[in-house]
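What follows is each chain in one-letter form.
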Amino acid sequence: MSRPRVYVCRPLLGRALDILREGCEVRVWPDPEVPPPRDVLLQEVREAEGLVTLVTDRVDETLLSAARRLRVVANVAVGYDNVDVEAATRRGVVVTNTPDVLTETTADLAWALLLAAARRVAEGDRFTRAGRWQSWGLELLLGQDVYGRTLGVVGLGRIGRAVARRALGFGMRVLYTSQSRHPEAERELGVQWRQLDDLLAEADFVSLHTPLTPQTRHLIGREQLRRMKPTAVLVNTARGPVVDEDALVQALREGWIWAAGLDVFEREPLPPDSPLLSLDNVVLTPHVGSASFATRARMSELAAENCVAVLSGRRPPNPVNPQVLDGAR
Ligand code: DGY
């Protein structure tokens, strides 16, 4: 029997390629830095039964209609806003993601950004390297205290909870807002539910952990930024378009909020003319929330396991459209 063909959009880490090669014929886009160009991807998916994608690879109606043999799209990420899940479901294509394995790593980065923005770590680094440090000064690079302040978590899923848990070590009061209340998290972590507007007004630090959906696009815009404290810090490790970036730039310039720590952007990679690049009160990282050696290997392996499971007729560990497997589309 011929082995199913899988196209992989980037060289994967850990044992992922070995897992795929055990039962499949695997073709891999070789460049670790840039995704396959659209025409290459459209060509490759013609024969593929499995596709392993990253957040940079757009799986839309056009691609799905070119991919007549496709049975599974295994995204190497917890977020899957790069995939038109509805279109995949209509065509009976299973979509999978990689939750859990990146929770703690991403929460660590949210905290790195929070602390860096609050205590001006990146600015201090630039200042020191530029040879501008003349003397110890009482007013040199003053920042905001973190210990004992109030954290607002927007979206209390896995990563939101992991961020909240870390806040307990900083003696913080933690507020959250979420589609529904989580009584068990309120009991276990002592977090308190608020409407988004109230959370924004009360929190000293606001960390975003919602998926990108039509409902969360520009969830944080002018009106919301206006509600925040002038001393507040906004952290985004979720998806760029959850924040209206033009509004954020204005908020940072005009002092509506004090600083921001951003790992994700409305356009990625961040364009060289982005106004964010000229602001000192923002710390920027290039969408690396899950980027630790161990976590990226585990994400790669989990995506491979998901892909192989579907192609060998088993239930994958992480389907995002289980209705395809359950026969109810
Ligand atoms: C995710 O998993 O959704 C990240 O943004 C990509 O690492």
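Look above for the structure.
This model, assessed by the stated rule, comprises 28 salt bridges. Of the charged contacts, one joins Glu186 and Arg181 as a salt bridge, the two residues approaching to 3.0 Å between their closest N and O atoms. One continuous salt-bridge network, built from bridges that share partners, spans Glu47, Glu49, Arg69 and Arg71.

What follows concerns the site of the ligand. The local shell around the ligand consists of Ala77, Val78, Gly79, Leu102, Arg239, His287, Ser290, Arg296 and Met299. Take Val78: an N or O atom from its main chain is 2.7 Å from an oxygen atom of the ligand. Separating an oxygen atom of the ligand from a side-chain N or O atom of Arg239 is a distance of 2.7 Å. In terms of residue class, the shell around the ligand is built from 4 nonpolar, 3 polar and 2 charged.

The strand order across the open sheet built from 5 strands is E2-E1-E3-E4-E5, with neighbouring strands paired in parallel fashion. Whereas interior strands pair on both sides, the edge strands pair on one side only; in this sheet they are strand E2 (25–28) and strand E5 (94–96). For this sheet, the mean inter-axis angle between neighbouring strands, taken without regard to orientation, is 15°. In terms of strand pairing, strand E1 (residues 5–8) meets E2 through 4 bridges, oriented parallel. Counted as the bridge partner of Val6 is Val26 from E2. The sheet contacts of helix H1 (residues 16–23) involve E1, E2 and strand E3 (50–53), and relative to E2 the element is tilted by about 140°. Each of E1, E3, strand E4 (72–75) and E5 is contacted by helix H12 (residues 293–311), which is oriented at about 170° to E4, the strand it contacts most.

What counts, and where the lines are drawn
Residues numbered from 1 in each chain as written. Predicted model: local features only at pLDDT ≥ 70, side-chain atom pairs only at ≥ 80, totals over all residues. Heavy atoms only, no water. Salt bridge = Lys/Arg side-chain N within 4 Å of Asp/Glu carboxyl O. Near = heavy atom within 4 Å. Polar contact = N/O pair within 3.5 Å; in protein donor to acceptor, adjacent residues only side chain to side chain. Nonpolar A, V, L, I, M, F, W, Y, C, P; charged D, E, K, R; others polar. Pairing = 2+ DSSP bridges. Helix = DSSP H or I, 4+ residues; strand = E, 2+ residues; numbered from the N terminus. Axes fitted to C-alpha atoms, helices over the stretch in contact; angles between N-to-C directions. Contact = heavy atoms within 4.5 Å.

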